[in-house]
Amino acid sequence: MHHKLTPTKPIASAAANWPPLRRFIADEHRLGLLMAQRRWTAAVYEFLRFGVKQAWACLFGGIAVALMIGTWRFYPPDAALSRYDFLFLCMLAVQAALLAGRLETWEEAKVILIYHVVGTAMELFKTHVGSWIYPEPSIFHIGGVPLFSGFMYSCIGSYICRCWRLFDFRFSHHPRRLALIALSVAIYINFFSHHYIIDLRWLLFAWAIWLFGRTSVYFKVWTRYRAMPLLLGLVLVSLFIWFTENIGTFTKTWLYPSQRLGWSMVSIDKLGSWFLLLIISYTLVSLVNAPLKWRGDNAAAGVRRRDAETAGRVSVPTL
């Protein structure tokens, strides 16, 4: 079945959330009309759109990873400003530039700030008990934690927040946010308490499966909504974070005790930790973007039109 596009029908585009992108909406729509003529070109185009949307969602995190790699490879070790301080100042500048250029919304910035605080607090404890270390000196630090590290957590919140808007998330059988808050608080406490009492992560995994087991997320790549189990989506994102963590340790941005004498891949066991931490991120984002119930394509399209009128006050062709 070909994707059906109407040349003049004014349906909202996710790109309208970021004003600098609005100028490209009409051109992209015309390209979509061309690509929708054949089944194989439509499939390729939808796949490419998915990749472009994911890349845009990863904007903040992608810049952070590029800075980690670039400073590891090229930053002079004898510079007056330490690498960690340079990273911190760069991330502050990136944050300011994204907001000034309206490439990031204030809602996303709120999530980044909250998660920065949450992540830094956990970093202080984890470095104190020796879970991992930051081997280089810095001026901008609290305890043994350079302040740029909080931005690593903020990247996760930024990614989820941007994906939520880009793919116009809808949900079926979504758990109540009060239940998510309770689970997230328990996860956060366990990150600290398991150093002194029994580790309850398996109970937390079971709790998460119980809450999200029936939940499906509906996301719009192009003209139609696709669906997948939300649990699967969280696992896939956790896997991507684990892969990124290997980049962080390879570039010696931080190190686990087992990596002090030479780099090795981060244990796959950390995937479970990132899954639990991702739930905290997801909960924080859900407090900013209330989960909307899936009611079918027609109802969702109506909601998007109303959203566009509220957010952009412009009528734009579908993306």
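Details of the structure are given in the entry above.
No experiment lies behind these values; they were computed from the predicted model shown.

1. Details of the environment of Phe 88
Part 1 of the reasoning: Within the element layout of this structure, Phe 88 appears in helix α4 (residues 83-100).
Part 2 of the reasoning: Judged by its relative accessible area of 10%, Phe 88 is buried.
Part 3 of the reasoning: Distance from Phe 88 to Ser 138, taken between C-alpha atoms, is 9.8 Å for residues 50 residues apart in sequence.
Part 4 of the reasoning: When residues no more than four places from it in sequence are discounted, the contact partners of Phe 88 are Phe 140, Leu 147, Phe 148 and Phe 151.

2. Focus: the packing of aromatic side chains
Part 1 of the reasoning: Tallied over the entire structure, the rule returns 29 aromatic pairs.
Part 2 of the reasoning: Residues Phe 167 and Phe 219 carry aromatic rings whose centres are separated by 6.2 Å and whose planes lie at 80° to one another, so their mutual orientation is edge-to-face. Here Phe 167, found in the loop between α6 (149-166) and β3 (170-172), pairs with Phe 219, found in strand β4 (residues 216-220); they are 52 residues apart in sequence, far enough to count as distant. We note that Phe 167, like Phe 219, is buried.
Part 3 of the reasoning: When the centroid spacing of 5.2 Å and the interplanar angle of 85° are considered together, the rings of Phe 250 and Trp 263 count as edge-to-face. Taken as a pair, Phe 250 in helix α9 (residues 230-250) and Trp 263 in the loop between α9 and α10 (270-288) lie far apart in primary sequence, 13 residues in all.
Part 4 of the reasoning: For Phe 250, a relative accessible area of 39% gives the class partly exposed.
Part 5 of the reasoning: Connected via pairs of aromatic rings, a cluster forms that spans Phe 50, Trp 164, Phe 167, Phe 169, Phe 171, Phe 212, Phe 219 and Tyr 282.
Part 6 of the reasoning: Positioned over the ring face of Phe 167 is Lys 53, at 5.3 Å from the centre of the ring.

3. A short note on the packing of helix α2 (residues 39-57) against α6
The packing of two helices is summarised by the inter-axis angle and the distance between the axes.
Part 1 of the reasoning: At a closest axis distance of 8 Å, the pairing of α2 and α6 adopts a crossing angle of 140°. In terms of axis orientation, α2 runs oblique to α6. α2 and α6 meet at a crossing whose hand is right-handed. Here α2 contributes Lys 53, Gln 54, Trp 56 and Ala 57 to the contact with α6, which in turn contributes Ser 158, Tyr 159, Arg 162, Cys 163 and Leu 166.

4. Observations regarding the pattern of salt bridges
Oppositely charged side chains can pair when the atoms bearing their charge come close.
Part 1 of the reasoning: Taken as a whole and judged by the stated rule, the model has five salt bridges.
Part 2 of the reasoning: In this structure, the salt-bridge partner of Arg 170 is Asp 168, at a minimum N-O distance of 3.0 Å.

5. What about the state of the cysteines?
Part 1 of the reasoning: Per the stated rule, a full pass over the model turns up zero disulfides.
Part 2 of the reasoning: No disulfide involves Cys 163; its sulfur sits 6.7 Å from the nearest other cysteine sulfur, which is in Cys 58.

6. With respect to the sheet that holds β4
Strand pairing within a sheet occurs via backbone hydrogen bonds; the two strands may be parallel or antiparallel.
Part 1 of the reasoning: In space, the three strands of this open sheet follow the order β3-β4-β5, with antiparallel pairing throughout. Of all strands in the sheet, those bounded by a partner on one side alone are β3 and β5 (225-229). Sheet twist, expressed as the average angle between the axes of neighbouring strands with direction ignored, equals 25°.
Part 2 of the reasoning: Sheet topology places β3 next to β4; three bridges connect them, and they run antiparallel. Looking at β4, one finds that Arg 170 is bridged to Tyr 218.
Part 3 of the reasoning: Taken strand by strand, α9 contacts β3, β4 and β5, and its axis lies near 80° from that of β5.

7. Comments concerning the pairing of β4
Part 1 of the reasoning: Counting buried positions over the five residues of β4 gives four, a clear majority of the element.
Part 2 of the reasoning: Examined bridge by bridge, β4 and β5 share five bridges and lie antiparallel to one another. Bridge assignment links Tyr 218 to a residue of β5, and that residue is Ala 227.
Part 3 of the reasoning: Between β4 and β5, which pair antiparallel one after the other, the connecting turn spans four residues.

Definitions and cut-offs
- Residues numbered from 1 in each chain as written.
- Predicted model: local features only at pLDDT ≥ 70, side-chain atom pairs only at ≥ 80, totals over all residues.
- Heavy atoms only, no water.
- Helix = DSSP H or I, 4+ residues; strand = E, 2+ residues; numbered from the N terminus.
- Buried < 20%, exposed > 50% of the residue type's maximum accessible area, 1.4 Å probe, protein only.
- Contact = heavy atoms within 4.5 Å.
- Phe/Tyr/Trp six-rings, centres within 6.5 Å; stacked < 30°, edge-to-face > 60°.
- Lys NZ or Arg CZ within 6 Å of the ring centre and 35° of its normal.
- Axes fitted to C-alpha atoms, helices over the stretch in contact; angles between N-to-C directions.
- Parallel < 35°, antiparallel > 145°, perpendicular 65-115°, else oblique.
- Left-handed = near helix turned anticlockwise from the far one by under 90°.
- Salt bridge = Lys/Arg side-chain N within 4 Å of Asp/Glu carboxyl O.
- Disulfide = S-S within 2.5 Å.
- Pairing = 2+ DSSP bridges.

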